[in-house]
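What the coordinates show
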Amino acid sequence: MFRSIQWRITIPFVILILVSMGILGAYLVNFTRDYQVDILRSQLGNEARIIAEASLPVFRSADKQVTLDAMAKALGRDIETRVTIVAPDGAVLGDSEEDPVNMENHAARPEIKDAISADLGVSTRYSTTLGVKMIYVAVPVSYQGEVLGIVRVALPLSEVESLAHRITVSIATATAIAALLVILAAWLIARVTTRSIRKITTASREIASGELGQKIFIDTGDEVEELAHSYNEMSLKLKALVDTISGDKSRFETILENMADGVIMTDNEGNITLANIAARKIFGIEDAVDKPLIEAVRDYELNELLKLCIQTVKAQETQYESGISKKFLRVIAV
């Protein structure tokens, strides 16, 4: 089945569509995920700067340890984001989720170092404290060029991953539906395209079975229509030729069967392929076809003349009295 032109057109087309849609789907998933991460990063950056502005007066006050921790916890609840306030040396001054006293120094965290050196720090990594993958954005709290501390906000990437998963499922579903539609469309297109070829194939088989003069009508305006015209011409000419051959054969058989002279035809091995009525009467043979001449007629001189003709590839002639037919025969072998 898959060797037919219809499937040889359909399968590559379907593979091409599936591969293209798969690549496009993967690109869309990655693009959407990256886009959502960028939006989240920008959102966290804005929130961090707002918190930094709000915490600046507290950093300049005397009792900032307790106040900054309370601010972090309050803001964390309000914006539903983890807020961490860190001193320039990495000591945690406040955190919305944990007690700062129990938290390790954050000076080595990449987002903290980047916030001090480049005014913004962004990092995505697994949080050992919360046990999830987080995105961290940190900004410095500065006054007159001096870094008083760092504000860091963080959110788990589970929302982004969940959105990416939903998009992946949606794209996969759309791809599967589109693939089914494409397969159906490709199959229909290929079937319509090869319909004319199937007509020609069917007509050719009918000719092969002996139904000559078959004609097919195809109006596609392309190479297949030209092929159909050529086929029709061939079919008509073949029928005319076969009719001519049949007529000649019929006339030949009529002449041969009504000749008074006996005619025997053999192959180059001496086996009889044809014997007319006169020959069968002369030698008294019935079913002689495919038998050796000597076995059918049992006439030695006739057989020797045949062998001589085959050996010399020249016409041979003789006259003798046949011991089989009891007649005086004049024989020519060609």
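What counts, and where the lines are drawn
Residues numbered from 1 in each chain as written. Predicted model: local features only at pLDDT ≥ 70, side-chain atom pairs only at ≥ 80, totals over all residues. Heavy atoms only, no water. Buried < 20%, exposed > 50% of the residue type's maximum accessible area, 1.4 Å probe, protein only. Helix = DSSP H or I, 4+ residues; strand = E, 2+ residues; numbered from the N terminus. Arc of directions from axis to C-beta. Contact = heavy atoms within 4.5 Å. Salt bridge = Lys/Arg side-chain N within 4 Å of Asp/Glu carboxyl O. pLDDT = per-residue confidence, 0-100. Core = buried A, V, L, I, M, F, W, Y, C linked by side-chain atoms within 4.5 Å. Patch = residues over 30% accessible without salt bridge, like charges linked within 9 Å, V, L, I, M, F, W, Y side chains within 5 Å. Areas by Shrake-Rupley, 256 points an atom, 1.4 Å probe, with all protein chains shown as cover. Lys, Arg positive; Asp, Glu negative; His and termini not counted. Charge placed at Lys NZ, Arg CZ, Asp CG, Glu CD. Expected span 1.5 Å × (residues − 1). Bend = angle between axes of the 7 residues up to and from the residue. 1 Å grid on protein atoms, 1.4 Å probe; cavity = no way out; pocket = protein on both sides within 12 Å on 5 of 7 lines; lining within 4 Å. Points joined across faces, edges and corners; volume = space filled by probe spheres on them. Nonpolar A, V, L, I, M, F, W, Y, C, P; charged D, E, K, R; others polar. Pairing = 2+ DSSP bridges. Axes fitted to C-alpha atoms, helices over the stretch in contact; angles between N-to-C directions.

As a further point, take helix α3 (residues 110–118). For α3, the complete set of buried residues consists of E111, I112 and A115. All buried residues of α3 project into a common sector of 105 degrees when viewed along the axis, lining one side. Of the residues in α3, the exposed ones pointing more than 90 degrees away from the buried face are S117 and A118. On its buried face, α3 sits against β1 (82–86), β3 (121–127), β4 (132–143) and β5 (146–156). The first or second residue beyond α3 is D119, which carries a positive phi of 75 degrees.

Right, let's get into the pattern of salt bridges. Pairing is possible between side chains that carry opposite charge, provided their charged atoms lie close to one another. Scanning all chains against the criterion turns up twelve salt bridges. Across the salt bridge formed by K239 and D243, the nearest N and O atoms sit 3.1 Å from each other. Residue K239 and its partner D243 are both found in helix α5 (residues 223–257); the two are separated by four residues, about one turn of the helix. For D243, a relative accessible area of 42% gives the class partly exposed. Ionic pairing is found between E317 and R330, a salt bridge with its closest N-O pair at 2.7 Å. Here the residue E317 occupies a position in strand β8 (residues 316–321), and R330 occupies one in strand β9 (residues 328–333), the gap between them amounting to 13 residues.

Relative to the elements of secondary structure, A228 occurs in helix α5. Overall, the relative accessible area of 2% leaves A228 in the buried class. Considered as a pair, A228 and M71 are 157 residues apart in the sequence and their alpha carbons are 87 Å apart. In this view, A228 contacts I200, I216 and I218; residues no more than four positions away in its chain are not counted.

Here we come to the confidence of the model for the chain. With 93% of its residues at a pLDDT of 70 or more, the chain has an overall mean of 83. For the chain, per-element mean pLDDT is lowest for helix α4 (residues 158–208), which scores 76, and highest for strand β6 (residues 264–266), which scores 92.

Next up on the list: the nonpolar core. By size, the foremost hydrophobic cluster in this structure holds 26 residues, and its most contacted members are L40, L44, F59, I85, V151 and V153. Tallying contributions element by element places helix α1 (residues 5–60) first for this core, with nine residues. Apart from the residues lying within four places of it in its own chain, the contact partners of V151 are A48, I51, A52, S55, T84, I85, V137, A138, V139 and V141. Formed by 16 residues, the second largest nonpolar core is a distinct cluster that contains I272, I285, C309 and A333.

Let us look at a positive patch on the surface. Positive charge collects at one region of the surface, where R191, R195, R198 and K199 lie side by side. Looking at the element boundaries, K199 is found in helix α4. The exposure class assigned to K199 is partly exposed, which follows from its relative accessible area of 39%.

This part covers α4. With 51 residues, α4 ought to run about 75 Å at 1.5 Å a step, and its terminal C-alpha atoms sit 70 Å apart, in line with that. In α4, a bend of some 40 degrees at R195 exceeds every other bend along the element. Where α4 ends, the next residue or the one after it, G210, has phi of about 105 degrees, a positive value.

A few words on the layout of surface pockets. Approximately 780 Å³ is the volume attributed to the largest pocket. Lining the largest pocket are 24 residues, and of these G262, V263, I264, V331 and I332 lie nearest its centre. Every element with two or more residues in the lining of the largest pocket is listed here: β6, α6 (277–283), α8 (300–312) and β9. For the lining of the largest pocket, the class distribution of residues is 18 nonpolar, three polar and three charged. Quantified by volume, the second largest pocket comes out at close to 150 Å³.

This next bit is on the environment of E211. Mapped onto the fold, E211 is located in the loop between α4 and α5. Residue E211 is classed as partly exposed on the basis of its relative accessible area of 44%. For the pair formed by E211 and K239, sequence separation is 28 residues and the distance between their alpha carbons is 9.0 Å.

With that settled, consider the sheet that holds β1. To summarise the sheet geometry, strands pair through backbone hydrogen bonds and adopt either a parallel or an antiparallel arrangement. The strand order across the open sheet built from five strands is β2-β1-β5-β4-β3, with neighbouring strands paired in antiparallel fashion. The open sheet has two edge strands, β2 (92–95) and β3, and neither has a second partner. Neighbour to neighbour, the strand axes of the sheet diverge by 25 degrees on average, direction disregarded. As paired elements, β3 and β4 share seven bridges and run antiparallel to each other. Counted as the bridge partner of V122 is V137 from β4.

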